[in-house]
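Residues per chain are reported as follows:
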Amino acid sequence: MNRVIDRRLNGKNKSAVNRRRFIRRFRQQIREAVADAISERSITDIDSGEKINIPARDIGEPTFRHGPGGEREAVYPGNTEYVTGDKIKRPQEDGGAGGSQASNSGEGIDDFAFKLSREEFLEFFFDDLALPDLVKTQIATQIEFKRVRSGYSRTGIPANINVIRSLKGALSRRIALRSPLEQRLLELRQELDQQQAAGDAGAQARRAELEEEIRRVSARINVIPFIDTFDLRYNNRIRQPRPTTQAVMFCLMDVSGSMDEERKDIAKRFFILLYLFLTRTYERIEVVFIRHHTSAKEVDEEEFFHSRETGGTVVSSALELMHKIITERYPGSLWNIYAAQASDGDNWNDDSPLCRNLLIEKIMPLLQYFAYVEIKPDEHQSLWREYLHVKARCANFAQQRIDGLTDIYPVFRKLFRKKAAA
Amino acid sequence: MRRYLSEGSEWTFELIDRYTEEIGRLAGQYGLDTYPNQIEVISAEQMMDAYSSVGMPVGYHHWSYGKQFLGVEQRYRRGHMGLAYEIVINSNPCIAYLMEENTMAMQALVIAHACYGHNSFFKGNYLFRTWTSADAIIDYLLFARNYITECEQRHGEEAVELILDSCHALMNYGVDRYKRPSPLSAREELQRQRERADYLQSQVNDLWRTIPKRGDREGNPAQRLYPAEPQENLLYFIEKNAPLLQPWQREIVRIVRKIAQYFYPQRQTQVMNEGWATFWHYTLLNRLYDEGLVNEGFMLEILQNHTSVIHQPPYNSDHFGGINPYALGFAMMSDIRRMCESPTDEDHDWFPDIAGSDWLKTMDFAMRNFKDESFIAQYLSPRLMREMKLFAVLDDDRRRRLEITAIHNDEGYRHVRQMLAAQYNIGDREPNIQVYNVNREGDRSLTLRHLQHRRRPLDANTTEEVLKHLVRLWGFSVRVETVEPDGRVIKTQECRAV
């Protein structure tokens, strides 16, 4: 009457559908949590899952319940000090005597925490940026080994049998095994013919002997199989890792007083997207942060995003520093160099032509790609106009005005298209 | 000397079979009457799945189960929570899950606890016998899931989700507390479902099509209430009377209502059910040890787990989280046996019928005929109140201080017992809300009445949310009136239809 069943082999992801529905349902709240998470994360750390907190009240399931107030009488265990009629102070916090009833019926204020997978996290991240689906899948794919054909093997699965190769093998085996026998058969037949031509009685016995031998050799020829198991050859495939490549990404940002937090946040997402793209293409990426106002300085990520300076703006200082770093540390033959510059468009007027020349003559020949974004500029200034010249001269230069998150992607469009065609 | 059933902690399917057989033999000696057992071995991930579908082996899809799952998963991964050792389903055969990570001793504990303890409770207790049909529940859940999936394909996931959200908000008010429901049968459900849909729709329309005659208006308003008597089952009332619901929406209301009804006995018998199961795993496994079938190592592991399950921290401990139903239930069950086997004078005074009687018969009677509230009111002994040092505290918001109304002494026993029993009365725990009236001639609004108990108000925030759900189902304005015991309406909360 008792049955024991092993269910361990049944699917374990019965809740996957419900989990997906939960995430769809609270898209808005999760998106806000993701936005918070992005501002706290490092650029290079963007590519993993994320713990998400949503205020519990946002996802509550309401029922009719009692609110605070009225008379409540409850029984508790472990009385060591009270006698009937004692009056005691009302505890401030829930949890002590008299309070836990309220916390059962009241709303918990704790956050509801759970973990988004890497894919889910990136999906939310991409959502704001209005990436086309093709690009999303392209840069969200995990690095994989490519499987390539590599000769033949003697073992494998039937689906991989290489017919031509196997039959070739069978043919040569048949030839190799048959030819001595056929040679012998030929000799025997010739001798038999001679004997028959001679036709004397003494040869009678010899003829029978020869016929017997011919039958035996023919039988041996006949049992040589058309194809045998050791003729089979299988297509061999090996995992080939992608070619090891490395890239360096320069992040240039104007940190003068006019770059406020909102602009910096847009800039950060812009840098993140470039980084994500590069991680799909290159195995190893270094990121160099250069911030500038009137003078440029190489800093770490923390300082890059979170410190603020005042004063004027001289963009060429950053470009010069970048050029210096490239020549010192990243020789072009070994590194793919990308640069992204974010600014609100301010520059000292006399400096802009200098920037143009620097870029066209010195820097652009070294770079794979240079992306310039102007974040919420009041109006385009000299730098934008000078950069238009650069764009006309160099195919790997992109510039874009950004008023919101959805404007970021067009900067990369060319970059992605190139990749998709490759 | 007899051989042990097993040494070491590894389990195998053969061992599970042998243990089940031995434990079943002992359970038979004690007269436990059970459904056949279906023991399913699952992994921890599958246990999390089972956990988050609130114990339904086949559940329809809804985001709230996903939320549950994420919560369980997060706590489990951080090590804040061990998974329950067992989940057992009130069905025939009775399905119990064993987790593969457990040791042999733990598997035996779960087998005794779930397959013989809970199982016999499901089969014997009057609430389960009256309200649930163990034979049909799996089929019905399957019907429900298929039906809801079909609705999602036909009407879209969003539309179905909205209805389910609203029904879930009212799930606790989807049960008949007094009237016995008709037994479930998936096959009949399926056959009847279509006719019922058509029929119901015509009924509902009829109700609203009736143009009242002039004469009707002359009676006083109280006589024209609809429904004539207040109704406690809000979901049932909506299923039968909501004017704008589509037939498939009515069917979903019905499904949620039926599932709520199925779980209703479990909510009312937590202390008894766990107490009974804990008492029997303790008794059966000790018997196994007495017979020399298991060794000391096995018993130590069992006892270590048993004691942590029945641990009851005092009210002022950091670990206090309310009264532990395992602790209270186990203590009460053991206490009944003690009163039967070695009664004191006090027991003879308080429980003349029980003291000195046959413990198996007495416990069997208790298991069959009570729910938590009445069980505590009937069987909580002064001795146990002393052991647990129970005391009652009154929190009255009109007074500045809390008052200790009773402790474990001669004057206090009855009061403490009465209060503890009330604590397990669902009618006390949840606001008492009933359908009071439908305005049939005016705006079709629905009026509910909250009968206030000891001046405890409704939580205004969640009430507002629930009313929005009610409006979605009802289609017109809904209000809830809070009524004093003397019939005065003291507060009205309303949610208007848009």
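The rules we used
Here the residue numbering is sequential within each chain, running from 1 through the sequence in written order. By the order in which they are written, chains take letters starting at A while ligands take numbers starting at 1. Per-residue local features of the predicted model are confined to residues with pLDDT of at least 70, and side-chain atom pairs are confined, for both listing and counting, to 80 or more; whole-chain, interface and lining totals are unaffected and use all residues. The side-chain numbers reported here are obtained from all heavy atoms of the structure, hydrogens and water having been left aside. The numbering of helices and of strands both runs from the N terminus, where a helix is a DSSP run of H or I of at least 4 residues and a strand a run of E of at least 2. Using a 1.4 Å probe on the protein chains alone, a residue whose accessible area is under 20% of its type maximum counts as buried, one over 50% counts as exposed, and one in between counts as partly exposed. Every residue pair with non-hydrogen atoms within 4.5 Å of one another is taken to be in contact. Areas reported as accessible are Shrake-Rupley estimates using a 1.4 Å probe. Residue values count occlusion only from the protein chains shown. Whenever Lys or Arg places a side-chain nitrogen within 4 Å of a carboxyl oxygen from Asp or Glu, that contact is recorded as a salt bridge. The term buried area refers to how much accessible surface (probe radius 1.4 Å) is lost by two components on association, counted for both of them together. Pairs of N or O atoms are called polar contacts if they sit within 3.5 Å, as long as, within protein, a hydrogen donor faces a hydrogen acceptor (for residues adjacent in sequence, only side-chain-to-side-chain pairs). Only residues whose relative accessible area exceeds 30% and that form no salt bridge are eligible for patches; like-charged ones are grouped when within 9 Å, while nonpolar side chains (Val, Leu, Ile, Met, Phe, Trp, Tyr) are grouped when within 5 Å. Charge counting treats Lys and Arg as positive and Asp and Glu as negative, with His and both chain ends excluded. A charge is said to be at NZ when it belongs to Lys, at CZ for Arg, at CG for Asp and at CD for Glu. Source of the domain bounds: an automatic or database domain assignment. Basically, the charged four are Asp, Glu, Lys and Arg, the nonpolar ten are Ala, Val, Leu, Ile, Met, Phe, Trp, Tyr, Cys and Pro, and anything else, Gly included, counts as polar.

A short note on the overall build of chain B
Reasoning step 1: The number of helices and strands found in chain B is 20 helices and 9 strands.
Reasoning step 2: When the 498 residues of chain B are sorted by exposure, 57% land in the buried category.
Reasoning step 3: The contacts of chain B with a sequence gap of at least 6 include a subset with a gap of at least 24, amounting to 74%.
Reasoning step 4: Looking at chain B as shown, the accessible area adds up to about 21,800 Å², and 47% of this sits on carbon and sulfur atoms.

Notes on the pattern of salt bridges
Reasoning step 1: Tallying each qualifying case throughout the model produces 60 salt bridges over all chains.
Reasoning step 2: The closest approach of N and O atoms between Glu212 of chain A and Arg215 of chain A, which form a salt bridge, is 2.4 Å. Placement of the pair is Glu212 of chain A and Arg215 of chain A together in helix 7 (residues 202-222), with a separation of 3 residues, close to one helical turn.
Reasoning step 3: Measuring nitrogen to oxygen at the nearest pair gives 3.4 Å for the salt bridge that ties Arg488 of chain B to Glu484 of chain B.
Reasoning step 4: For Arg488 of chain B, a relative accessible area of 47% gives the class partly exposed.
Reasoning step 5: Exposure remark for Glu484 of chain B: the relative accessible area of 18% places this residue in the buried category.
Reasoning step 6: It is possible to trace a salt-bridge network through shared partners that takes in Glu71 and Glu73 of chain A together with Asp396, Asp397, Arg398, Arg399, Glu403, Arg454 and Arg455 of chain B.

Digging into the interface of chain B and chain A
Reasoning step 1: Across the boundary between the two partners, chain B contributes 100 residues, which contact 66 residues of chain A.
Reasoning step 2: Here chain B packs against chain A, burying approximately 7,700 Å² in sum over the two surfaces, 54% of which is carbon and sulfur.
Reasoning step 3: Looking only at chain B, the three residues that lose the most surface to chain A are Trp63, Tyr315 and Leu402 of chain B, adding up to 10% of its buried area.
Reasoning step 4: The interface formed by chain B and chain A contains 15 salt bridges.
Reasoning step 5: Between Asp165 of chain B and Arg25 of chain A there is a salt bridge, with the nearest N and O atoms lying 2.1 Å from each other.
Reasoning step 6: The interface formed by chain B and chain A contains 49 residue pairs in polar contact (both at pLDDT 80 or more).

So, a positive patch on the surface
Residue and element names in this part refer to chain A.
Reasoning step 1: Together, Arg147, Arg149, Arg237 and Arg239 line one region of the surface with positive charge.
Reasoning step 2: Those elements that place two or more of their residues in the positive patch are strand 6 (146-153) and strand 7 (234-240).
Reasoning step 3: Relative to the elements of secondary structure, Arg147 occurs in strand 6.
Reasoning step 4: For Arg147, a relative accessible area of 52% translates into the label exposed.

A short note on the environment of Gln368 of chain A
Residues and elements named next belong to chain A.
Reasoning step 1: For Gln368, the location among the structural elements is in the loop between helix 11 (351-363) and strand 12 (369-375).
Reasoning step 2: Gln368 gets classed as partly exposed once you look at its relative accessible area, which sits at 29%.
Reasoning step 3: Residues Gln368 and Ala339, 29 residues apart in the sequence, show an inter-C-alpha distance of 8.3 Å.
Reasoning step 4: Every residue in contact with Gln368, bar those within four places of it in the chain, is listed here: Asn336, Ile337, Tyr338 and Asn396.

So, the domain arrangement of chain A
All names here are of chain A.
Reasoning step 1: For chain A, the domain assignment lists domain 1 (16-55 + 110-128), domain 2 (158-236) and domain 3 (246-421).
Reasoning step 2: Here domain 1 and domain 3 have C-alpha centroids that lie 28 Å from each other.
Reasoning step 3: The interface of domain 1 with domain 3 comprises 15 residues on the first partner and 16 residues on the second.
Reasoning step 4: Carbon and sulfur atoms make up 64% of the area that domain 1 and domain 3 hide from each other, which totals about 1,300 Å².
Reasoning step 5: The interface formed by domain 1 and domain 3 includes 0 salt bridges.
Reasoning step 6: Run the count over domain 1 and domain 3 and you get 0 residue pairs in polar contact (both at pLDDT 80 or more).
Reasoning step 7: In terms of residue count, the dominant contributor to the side of domain 1 that touches domain 3 is helix 4 (residues 118-129) (5 residues).
Reasoning step 8: A class-by-class count of the residues in the side of domain 1 that touches domain 3 yields 7 nonpolar, 3 polar and 5 charged.

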